[in-house]
Structures are given as C-alpha cells and as structure tokens.
There are 2 protein chains.
Amino acid sequence: MRILGIDPGLRRTGFGVIDVDGPRLRYVSSGTIVVPTDQPLAGRLKVILDNIREIVQTTNPTVSALEKVFVNTNPASTLLLGQARGAAMCALADSLLEVHEYTALQVKKSVVGNGHAAKEQVQKMVQHLLGLSGVPTADSADALACAICHAHFHPLTQRLKDTGQLPASQASRVRGGRLVG
Amino acid sequence: MRILGIDPGLRRTGFGVIDVDGPRLRYVSSGTIVVPTDQPLAGRLKVILDNIREIVQTTNPTVSALEKVFVNTNPASTLLLGQARGAAMCALADSLLEVHEYTALQVKKSVVGNGHAAKEQVQKMVQHLLGLSGVPTADSADALACAICHAHFHPLTQRLKDTGQLPASQASRVRGGRLVG
C-alpha cells in the first residue's frame, strides 16, 4: 500500500508519500507546493489542483489521507483554507483516489503518542519512524504524519472487513478510523 | 460573450448561462446541481467538479462569474462552503475559464438596483431581464444574477483596456469590477 498524505493550505500545501509493507513504513517522497500569492484565487487553486494531480501521476499512490482541519477563529481564513482544502480533495477524488480524513489529535496520537504534541515533536518522530537523515520541514512532516496515521488506522478497517463486521462495500463509512453511520 | 454564473454550495450548486450581445441579454440555460448528502466529502466535491465541467463542455461559455461569499457565523459551515467553492473554482479554472468574483451587494445592485434586495426580488428581476416565462428557482436565479452582474461590469474592464488605462495583460487585476493593486 502506498499512501499519499496531504496538508492543504492556500500558501503552502505539504505532501508526503510512504510505502507500507506489513509493519514496515518506507519513505518515498515529500515536499511543499508553494502557491504564488500574486494570482487571483482561481489561479491559486488551480496550482494546488495541477500539482497534486502531477504528484499522483508520478508517485502512483493507492490511497490518500488528509488532516481534518480545525476551523480558524478568523472566518475569512477559514474560508480560504476551505477553498484550498476543496481544491486538494478535488485533485485526489479526480484521480479516483480514496480520501481518508483524520483529526489533528488522531494524527499526533498516532505518530507521537500524544494528541497534544508540539510541531517539533511531530517532525522529530516522522524523521525517526521513516529513518530520514534530516528533520523534514513542517509542511512535509505534517503530510507524512497524516500518511503514517492512515497506515496505523488501516488495519482496523481491514480487520472489520475480514471479520465481516463491515461489508467490503461500506469501506467509505469508516472515516477517521471510526465506524460512522 | 457567453457567461456562466455559479452559486456554489455543498448541498445545492446553482448554475446559469446567458449570452450577451451588445446591450442584449439572452437566456441559455440554468439549473441546480443537487449534491448527494450520503457520500464522504471528497465524493461530494467530485460531484460538483464533474457537473460543472460537464456544463462547461455542453454550453461552452467564454467567461465565468461567482458570487463572493459572506463568511458564515458558523465556522464549520464556512469551512464546508469554502470547500464547495474551492471545487467549483477548480472546475472553472481547470476548464481554462477566467473566473470573476462579485460581492452579493454588487450582484443585487446590478440586477435589482438595490444592494439589499430580498431573494424574491432578485428572482423576479432575473425573470424580467431575461424574459423568462416563469420565476427561476432561488439557486438558478442567484447564478443567473451573477452572470448578469458580470455582463454589466464587463464594459468597464473593456473600456479601461481600450483607453490604455489597463494593459490587456493585466485583465485579471480587475476583480469585482474594481481595479485592484
């Protein structure tokens, strides 16, 4: 299973790709899409759309994971983030990739073991878990952490399907690792 | 000039297409994309993306117009609306359509003559301006009103370009009918 993690933002969108082979996690690639700020909104969203599509084409992931965002106290920022997130999800859905969403709490708990870990701890743990030679940037680390989180939650979905507790056709009803509906 | 107006929403996205021939406005088509609510978010955004792309393909507009949204008092709703809006803009930008944005005040002022007009007045005026036999639905009317607003603002852009006050290459800097930057 190859997982593409995305950390969407209108200025910077992080991405990280990992391979999961049984209990093993292997780093594939990561980086940041830096969105030009001097363009109209539609152009900026298209940069996110096009770049994620290109990442999907070149890395060929089997599934994708996104962090569920906290709504910002500033409504205008929330709207901008929502639009960036919409563009990222469109790129993934348009590439026919399943999109799984996890809360920041789930991601941090899954990577650091503490849902309230600081950004630096997430970066350090991502470096450790993937055996990287250097500390990844904050954007890359968040995206990679999201992919790692999906790797940890995935067996639950599979187990539920294997034991017949969850019909295979209802996989999409398991979101954020919890059975909904 | 054929204008596609979009009124984005995660449950219902309105669209309206008009032709502008000098001072004449001609109705082409309109409708509502009803987004299924029982799908995960990525699937719902893809419904908006796919449907708008299809509308662009079948109606072949030369330009598009969207209402600038007011941020909702409920941050979660603002985030959802932002994501729907992001999907709509992606579909337009992905079809290489220029996207123009207008505030609700500009749209209402341009269609009804009063920036604080009620929804029903907008519907009535859209019916009147386009010579429709019936009152359009609220979603269609809002999308058509946005297209009509662009038709009214467009000559300003053109005039600025014609008189050299605005370089042709900087058309995108005229947003919402006002010269920015």
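The residue count restarts for each chain, going from 1 along the sequence in the order it is written. Here chains are named by letter from A upward and ligands by number from 1 upward, in the order in which they appear as written. At least 70 in pLDDT is required for a residue's local features to be given in this predicted model, at least 80 for side-chain atom pairs to be given and counted, and no such filter applies to totals for whole chains, interfaces and linings, which use all residues. Derived side-chain values reflect all non-hydrogen atoms in the structure, with water molecules and hydrogen atoms excluded from consideration.

**Here's the deal with the UniProt feature "binding site: Mg(2+) 2" (unreviewed entry) in chain A**
Residues and elements named next belong to chain A. Defined as follows: UniProt positions are given in the numbering used here, feature names are shortened, and annotations may be inferred rather than shown by experiment. Here the term buried applies to any residue with accessible area under 20% of the maximum for its type, exposed to any over 50%, and partly exposed to those in between, with areas from a 1.4 Å probe on protein chains only. Two residues form a contact once any of their heavy atoms are found within 4.5 Å.
The feature "binding site: Mg(2+) 2" (unreviewed entry), as given by UniProt, occupies Glu67 in the numbering adopted here. Glutamate 67 gets classed as buried once you look at its relative accessible area, which sits at 18%. Ignoring any residue separated from it by four or fewer positions in sequence, one finds glutamate 67 in contact with Ile6, Arg85, Tyr102, Thr103, Ala104, Val107 and Cys146.

**Focus on the relation of the copies chain B and chain A**
Think of it as a corkscrew move, a rotation about one axis and a shift along it, taking one chain copy to the other. To keep things clear, this is the line we draw: We superpose the copies by least squares over the C-alpha atoms of residues that have a pLDDT of at least 70 in both of them.
With an RMSD of 0.0 Å, the operation that places chain B on chain A is a rotation of 180 degrees combined with a shift of 0.0 Å along the axis. The relationship between the two copies is best expressed as a two-fold rotation axis. Comparing contact sets, 100% of the residues at the interface of chain B also lie at the interface in chain A, consistent with an isologous, same-surface contact.

**Concerning the nonpolar core**
Keep this limit in mind: Definition of nonpolar core: a set of buried residues of the types Ala, Val, Leu, Ile, Met, Phe, Trp, Tyr and Cys, connected through side-chain atoms within 4.5 Å. To qualify as a helix, a DSSP run of H or I must reach at least 4 residues; to qualify as a strand, a run of E must reach at least 2; elements of each kind are numbered from the N terminus.
Core analysis: the biggest nonpolar cluster contains 54 residues, and A:Leu4, A:Ile52, A:Leu92, B:Leu4, B:Ile52 and B:Leu92 have the highest contact counts within it. When contributions to this core are tallied by element, the ones reaching two or more residues are β1 (2–7), β2 (12–21), α1 (41–59) and α2 (75–94) of chain A together with β1 (2–7), β2 (12–21), α1 (41–59) and α2 (75–94) of chain B. What B:Ile52 contacts, discounting residues up to four positions off in sequence, is B:Ile6, B:Thr13, B:Ile33, B:Ala88, B:Ala91 and B:Leu92.

**Description of the sheet that holds β1(B)**
All names here are of chain B. Quick note on the threshold: Paired strands, in this sense, are two strands between which DSSP finds at least two bridges. Note on definitions: angles span 0 to 180 degrees between N-to-C directions of axes, and those axes are lines fitted to C-alpha atoms, for helices only across the stretch in contact.
Taken in spatial order, the five strands of this open sheet run β3-β2-β1-β4-β5, and their pairing is mixed. Each edge of the open sheet carries a strand with a single partner, namely β3 (24–34) and β5 (99–103). Averaged over neighbouring strand pairs, the angle between their axes works out to 25 degrees when direction is ignored. Bridge analysis of β1 against strand β4 (residues 63–68) gives four bridges, and the strand direction is parallel. Paired with glycine 5 across the strands is alanine 65, a residue of β4. Packing against the sheet, helix α3 (residues 104–111) makes contact with β4 and β5, and its axis sits at approximately 85 degrees to β5.

**A closer look at the sheet that holds strand β5 (residues 99–103) of chain A**
All names here are of chain A. Spatially, the five strands line up as an open sheet ordered β3-β2-β1-β4-β5, and their pairing is mixed. The two strands at the open ends of the sheet, each matched to only one other strand, are β3 (24–34) and β5. This sheet shows a mean twist of 25 degrees between the axes of neighbouring strands, independent of strand direction. Here strand β4 (residues 63–68) pairs with β5 via five bridges, running parallel. From the neighbouring strand, lysine 68 faces β5, where its bridge partner is threonine 103.

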